[in-house]
Amino acid sequence: MLNKRKPWQTTLLYLFVFVVCIVIIYPYFVMFTTAAKTDAEMYAAKMTILPIEWQWSNFINAWKAAPVFKYFLNSLIVAGGATIVAIGCGIPAAYAMARMRFKGKGFFLGAVIMSQMFSPVVLLVGIYKLMVGMNLSNSLLGLVLLNAAFNQAFAIWLLRGTFLTISSEMEQAAKIDGCGTVQALLRVLLPVSAPGIVTALIFVFINAWNEYTIALTLIQDDLLKPITVGINIFYGYNFIQWQYLFATSLFATVPVIILFLCIEKHLVAGLTAGGVKG
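Attention here is on the structure that accompanies the text.

1. A word on the overall build of the protein chain
Working step 1: A count of helices and strands for the protein chain gives 14 helices and zero strands.
Working step 2: Helices (α) and strands (β) of the protein chain occur, in sequence order from the N terminus, as α-α-α-α-α-α-α-α-α-α-α-α-α-α.
Working step 3: Each of the three principal axes of the protein chain carries a C-alpha extent, and together these read 75 × 65 × 30 Å.
Working step 4: When contacts within the protein chain are restricted to residue pairs at least 6 apart in sequence, long-range pairs at least 24 apart make up 73% of them.
Working step 5: As displayed, the protein chain has an accessible area near 16,900 Å², and 70% of this comes from carbon and sulfur atoms.
Working step 6: In the protein chain, 18 positive and 10 negative side-chain charges are present, and the distance between their average locations comes to 13 Å.

2. Notes on the nonpolar core
A general tendency of soluble globular proteins is for nonpolar side chains to be buried together.
Working step 1: With 30 residues, the main nonpolar core has Phe-59, Val-68, Trp-209, Ile-227 and Phe-234 as its most contacted residues.
Working step 2: Among the secondary structure elements, those contributing two or more residues to this core are helix H1 (7–35), helix H3 (57–65), helix H4 (68–99), helix H10 (194–210) and helix H13 (242–263).
Working step 3: Counting residues per element, this core draws most heavily on H13, which supplies eight residues.
Working step 4: Counting residues in each nonpolar core, the second largest holds 20 residues, with Ile-91, Ala-94, Ala-155 and Leu-159 among its members.

3. Quick word on H4
Since the α-helix advances by 3.6 residues per turn, residues separated by three or four positions end up pointing in the same direction.
Working step 1: The end-to-end C-alpha separation of H4 is 46 Å, in line with the 46 Å expected for 32 residues at 1.5 Å each.
Working step 2: Most pronounced at Gly-90, the bend in H4 amounts to some 25°, and the proline Pro-92 follows within four residues.

4. A word on the environment of Thr-253
Working step 1: Examined against the element boundaries, Thr-253 turns out to sit in helix H13.
Working step 2: A relative accessible area of 21% places Thr-253 in the partly exposed class.
Working step 3: In sequence terms Thr-253 and Ala-149 are 104 residues apart; their C-alpha atoms lie 23 Å from each other.

5. Details of the packing of helix H9 (residues 181–192) against H10
Working step 1: With their axes 4 Å apart at the nearest point, H9 and H10 run at an angle of 70° to one another. Taken together, the axes of H9 and H10 are roughly perpendicular relative to one another. Contact residues: Leu-190, Pro-191 and Val-192 in H9; Ala-194, Pro-195 and Ile-197 in H10.

Conventions adopted
- Counting restarts for each chain, with residues numbered from 1 along the sequence as it is written.
- Owing to the predicted nature of the model, reporting of local features is limited to residues with pLDDT of at least 70; listing and counting of side-chain atom pairs is limited to 80 or more, with chain, interface and lining totals taken over all residues.
- Heavy atoms from the whole structure form the basis of all side-chain values; hydrogens and water molecules are not counted.
- In this text, helices come from DSSP runs of H or I with a minimum length of four residues, and strands from runs of E with a minimum of two, each type numbered from the N-terminal end.
- By the convention used here, residues are in contact when the closest approach between their heavy atoms is within 4.5 Å.
- A 1.4 Å probe and the Shrake-Rupley method give the accessible areas. Residues count as covered only by the protein chains that appear here.
- In this tally Asp and Glu are treated as negative and Lys and Arg as positive; neither His nor the chain ends contributes.
- Where a charge lies is defined by one atom per residue type: Lys uses NZ, Arg uses CZ, Asp uses CG and Glu uses CD.
- For our purposes a nonpolar core is just a set of buried Ala, Val, Leu, Ile, Met, Phe, Trp, Tyr and Cys residues, chained together by side-chain atoms within 4.5 Å.
- Only protein chains enter the area calculation, which uses a 1.4 Å probe; residues under 20% of their type maximum are buried, those over 50% are exposed, and those in between are partly exposed.
- Here the expected span of a helix is defined as 1.5 Å times the quantity of residues minus one.
- Take the seven residues that end at a residue and the seven that start at it, fit an axis to each, and the angle between those axes is the bend at that residue.
- Fitted lines through C-alpha atoms give the axes, limited to the stretch in contact for helices. The angle between two N-to-C directions lies from 0 to 180 degrees.
- Relative orientations are named as follows: roughly parallel for angles under 35 degrees, roughly antiparallel for angles over 145 degrees, roughly perpendicular for angles from 65 to 115 degrees, and oblique for any other angle.

This is the structure we're talking about:
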């Protein structure tokens, strides 16, 4: 039998969780309160955490002051496209790594791991020349392909580990019932591996959404910039529009939060989906 946790241990545990939550939430709280301050409060000699006068119009003005919606849409296209490409290519590659035997399999797995060692910054010059040569240096398609490529290795490695934990007998039972390899993958393996797929999806989306260096280097057209780069419009030569900067930063966190809230329930539901009865 498991030992029951003592009352003081439970209290300490909840206290620790509360402190961790405060530490995580506090930066967003500061962003929110700063975004709602007036110009006078922002540059006052004595600053306060909470605004004396809540300026809710700052959020509307930030949205209208620059093509924030366009930046927002560009980020959605890049992050969403990169996620679709990375997961779409990662699932069959991970399945092959987990279920098939072929020459060079070990070398391929090693190459997948080694590709994670190189930062995009180190390869930036080569990436820029490649994108210019392919006529993709100032396009959202180029960002989609690059973000998918840099997150592909993690997706393959994570999904391979997920497929290895699933019994091959489930696929064999599906094949006995008349399913081919692709049908067994789609109807049996994918539903059961939903938690791993969701984890890889969230990881790729967040990484692509937050990417900054490559987008800053490749995109010259203001209307093609993602929100991570477009937010620089609030940086002036002599001053920074902190209210608008923080308001736009809050806008940028919304898609990630919504994505997690929509997918979180599938983490548990996918564990038992696609099981074999009897």
